[in-house]
Each structure stands twice: as structure tokens, then as C-alpha cells.
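Here's the letter readout for the chains.
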Amino acid sequence: GDGTLETLVDNLDGKILEVTVNDPLNRPVNAKIGIIDNGKTAIIEMSLASGLALLKKEERDPLETNTIGTGELIKFALDIGVSKIILGIGGSATVDGGTGMLYALGARFKDKSNNDIFPSGKNLLKIEKIDVSLLDTRIKSTQFLVACDVDNPLTGERGAAKVYAPQKGANPDMVKILEEGLVHLALIIRNSSGTDIENVPGSGAAG
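None of these values were measured; they are calculated from a predicted model. (Residues numbered from 1 in each chain as written. Predicted model: local features only at pLDDT ≥ 70, side-chain atom pairs only at ≥ 80, totals over all residues. Heavy atoms only, no water.)

Visitor: Describe in detail the pairing of strand β1 (residues 15-22), supporting the description with residues and values.
Guide: For β1 and strand β2 (residues 28-36), the ladder comprises eight bridges, and the chain directions are antiparallel. Directly across from valine 21, in β2, lies its bridge partner valine 29. Taking the residues between adjacent antiparallel strands as the criterion, β1 and β2 are bridged by five residues, where asparagine 26 takes a positive phi near 65 degrees. (Pairing = 2+ DSSP bridges. Helix = DSSP H or I, 4+ residues; strand = E, 2+ residues; numbered from the N terminus.)

Listed below in C-alpha cells is the structure:
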């Protein structure tokens, strides 16, 4: 959560760089990224790009918010040549299943007519195909460590929508839409890759 980046950088003799990315509602925001281990490791705090604290109370709406800014921070880290990324995922304003993050890294989400779908919580149900042909290939050679202190699965009674979406501004109707969207996204991923992400411990963290 908030403060993870500064704490790690201060204790590991690192440095902090600033980069402009998109906030959860696609507005420019100055975020920070930590660099340690002689430039080999980046520390990214999701909340600095996609965090709830970046929004006014009346702006909190996980049907509309996305994680594009977090993906942009990852891309920046790759651009400066890191081989490891520590990603702290507390404090997010989002329940987009990580689609915004992947979008920023080159993935595209298609509807049944093969039209591009912009990543957001409300659009998860529209996804029929995930195109990773342009996904940043540097991801494969980068080690990712996710700093997370919960074990909630992606869906279900303890999942991202039902547990965390209300904290991010969702009413019961919105929670239902988000839950259906995450179940659908998991199905698309399972059908296309053979990987079942729904019940992985911690997969529901940060939406």
C-alpha cells in the first residue's frame, strides 16, 4: 500500500524517478518509481498511478476506472533496462482485472465483432478475445514479484468485486456487473491459454 516505495528505496539505498502516466480516469498524473540494485530492480507502487487516493470521493467508480497507469509504470521500468520489478498492489481504485495494465503493455481486447475494447470494469463482459501479438516481449525476460498481503481469489464471495469494489465506490448493482465481468474474463483466459486464474490465492487483490 501507500508508502511501500519510499520505505524500500530508503532502506535499500535506491533512487526515485518521476514519470507522468494516466491516473485511473485517464488524466495525467506525476507518479514515482523506485530503482534499487544498481539499476537492475524497479519498485512500483500501484497506488501512485491507479490509486483510490488520486480520485475525489464523487469520482470513485470501478466501472469506469482502469490500471493503464500501472502498465505505463511497468513499461517505463522496462525502458530503463530493469530485469526485476517489485509491484506493490495495495490501494487501487480499480476492478478491471488488470486489463488496463496489459493494454498499456500492448495487449488488445476484442469484442465479438473484433472491435477494440477500451479497458474498464464495465467493459469486461464485452471481451471475446485477447490479442497478445503486440504484447511487450520484454515481459518474458523480466522477473515480477507482487507485494500483496491478502489471499482473496479473483471471483466469488471473497473475490475482487464483492469484497473490494464497495470500498472503491461500487453499489450493489455495480458489484454484480463487476463480478460477472471478472468471471467472464477468467473464462476467456481459461479458454485461450488453459490457465485457470479464478481461484489463485491473491488474484483478487487490487481488482
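So much for the structure itself; the text now carries on.
Visitor: Which residues make up the side chain of threonine 65, and what values do they have?
Guide: Relative to the elements of secondary structure, threonine 65 occurs in the loop between α2 (47-50) and α3 (68-79). For threonine 65, a relative accessible area of 0% gives the class buried. One polar contact links the side chain of threonine 65 to the main-chain carbonyl oxygen of alanine 93, over a distance of 2.8 Å. Those residues in contact with threonine 65 that lie beyond four places of it in its chain are Pro24, Leu25, Leu55, Ala93, Thr94, Val95, Asp96, Ser120 and Gly121. (Buried < 20%, exposed > 50% of the residue type's maximum accessible area, 1.4 Å probe, protein only. Polar contact = N/O pair within 3.5 Å; in protein donor to acceptor, adjacent residues only side chain to side chain. Contact = heavy atoms within 4.5 Å.)

Visitor: Which residues make up the layout of surface pockets, and what are the values?
Guide: Of the volumes computed, that of the largest pocket is approximately 1,100 Å³. Surrounding the largest pocket, 35 residues form its lining, Gly97, Gly98, Met101, Leu102 and Ile197 being those nearest its centre. Counting residues per element, the ones that place at least two in the lining of the largest pocket are α3, β4 (84-88), α4 (99-104), β7 (143-147) and α6 (172-193). Of the residues forming the lining of the largest pocket, the biggest block, four residues, is contributed by α6. (1 Å grid on protein atoms, 1.4 Å probe; cavity = no way out; pocket = protein on both sides within 12 Å on 5 of 7 lines; lining within 4 Å. Points joined across faces, edges and corners; volume = space filled by probe spheres on them.)

Visitor: Give a detailed account of the sheet that holds β1, specifying residues and quantitative values.
Guide: With respect to topology, five strands assemble into an open sheet ordered β1-β2-β3-β4-β7, the strand pairing being mixed. One side of each edge strand has no neighbouring strand; the edge strands of this open sheet are β1 and β7. Strand-to-strand twist in this sheet, taken as the mean axis angle between neighbours without regard to direction, amounts to 25 degrees. Where strand β3 (residues 41-45) and β4 come together, five bridges link them in parallel fashion. (Axes fitted to C-alpha atoms, helices over the stretch in contact; angles between N-to-C directions.)

Visitor: Describe α3, listing the residues and the values that go with them.
Guide: The terminal C-alpha atoms of α3, which comprises twelve residues, lie 16 Å apart, in line with the 16 Å expected from a rise of 1.5 Å per residue. Residues of α3 that are buried include every one of Ile68, Gly69, Thr70, Gly71, Leu73, Ile74, Ala77 and Leu78, and no others. Of the residues one or two after α3, glycine 81 is the one with positive phi, at around 90 degrees. (Expected span 1.5 Å × (residues − 1).)

Visitor: Kindly report on the pattern of salt bridges, identifying the contributing residues and their values.
Guide: By the definition in use, this model includes twelve salt bridges. Of the charged contacts in the structure, one is a salt bridge between aspartate 116 and lysine 110, with a shortest N-O distance of 2.5 Å. Its relative accessible area of 49% is what places aspartate 116 among the partly exposed residues. The salt bridge involving aspartate 151 is made with arginine 158; its shortest N-O contact spans 2.7 Å. The class for aspartate 151 is partly exposed, based on a relative accessible area of 46%. One network of salt bridges, in which partners are shared, links Lys75, Asp79, Asp136 and Arg138. (Salt bridge = Lys/Arg side-chain N within 4 Å of Asp/Glu carboxyl O.)

Visitor: So what's going on with the nonpolar core? Residues and values would help.
Guide: Core analysis: the largest hydrophobic core is formed by 21 residues, its most contacted members being Val21, Ala42, Ile44, Leu73, Ala77 and Ile85. When neighbours within four sequence positions are excluded, isoleucine 85 is seen to be in contact with Ala42, Ile44, Ile74, Ala77, Leu78, Thr142, Gln143, Phe144 and Leu145. (Core = buried A, V, L, I, M, F, W, Y, C linked by side-chain atoms within 4.5 Å.)

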